[in-house]
Amino acid sequence: MTTIRLTRVGRKKKPFYRVVVTDSRKRRDGGWIESIGYYNPLSNPKVVQIDHVRLDYWKGVGAKMSERVEKLASQGSKA
């Protein structure tokens, strides 16, 4: 099954996340199919950038979003 979730990049104590489409059986930081955005929790204000066109495409073909990505996507659409 295809999943839309966060993968961590950055270094120790300085997290930066990519919003990626991946196979649900892969590890958190394993390979991914497509990167559709990013999330920077350390900046002020927090930066969430998601390509909603690609997000809608992947949801349309059956990809499931993680709870955190659902939350971030809804925040991004409000701004």
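What you see is a predicted model; the values in this text were computed from it and never measured. Every chain's residues receive numbers from 1 upward, in the order its sequence appears when written. Reporting of local features is limited, given that this is a predicted model, to residues whose pLDDT is at least 70; pairs of side-chain atoms are given and counted only at 80 or more, and all residues count toward the totals for whole chains, interfaces and linings. Excluded from the side-chain calculation are hydrogens and water; included are all heavy atoms of the structure.

1. Concerning the packing of aromatic side chains
Working definition: rings of Phe, Tyr and Trp (its six-membered ring) pair if their centres are within 6.5 Å, and the pair is stacked with planes under 30 degrees apart, edge-to-face with planes over 60 apart, and tilted otherwise. A complete count under the given rule lists three aromatic pairs for this structure. A ring pair is formed by F16 and Y38, whose centres lie 5.7 Å apart and whose planes are at 20°; its orientation type is stacked. Of this pair, F16 sits in strand β2 (residues 14-23) while Y38 sits in strand β3 (residues 34-40), placing them 22 residues apart in sequence. The rule is simple: take the accessible area with a 1.4 Å probe, protein chains only, and divide by the maximum for that residue type; under 20% is buried, over 50% is exposed, in between is partly exposed. Classification of F16 by relative accessible area gives partly exposed; the value is 27%. For helices the rule is a DSSP run of H or I covering at least 4 residues; for strands it is a run of E covering at least 2, with both sets numbered from the N terminus onward.

2. Looking at the sheet that holds β3
A pair of strands is considered paired only if DSSP assigns at least 2 bridges between the two. As summarised here, the arrangement of the five strands in space is β4-β3-β2-β1-β5, forming an open sheet in which the pairing is mixed. Each edge of the open sheet is held by one strand with a lone partner, namely β4 (47-50) and β5 (64-65). One ladder, built from two bridges, connects strand β1 (residues 2-11) with β5; its direction is parallel. Each residue of the ladder has a partner; that of T3, found in β5, is K64. Against the sheet, helix α1 (residues 52-60) contacts β1, β2, β3, β4 and β5, and its axis sits at roughly 125° relative to β3. Pairs of residues are marked as contacts when any of their non-hydrogen atoms sit within 4.5 Å. With axes taken as lines fitted to C-alpha atoms, and helix axes fitted only over the stretch in contact, angles between N-to-C directions fall between 0 and 180 degrees.

3. Overview of the environment of Y17
Mapped onto the elements of the fold, Y17 is located in strand β2. Put simply, Y17 and N40 are 23 residues apart on the chain and 6.4 Å apart in space, counted from C-alpha to C-alpha. Discounting chain neighbours no more than four positions away, the residues touching Y17 are L6, T7, R8, Y38, Y39 and P41.

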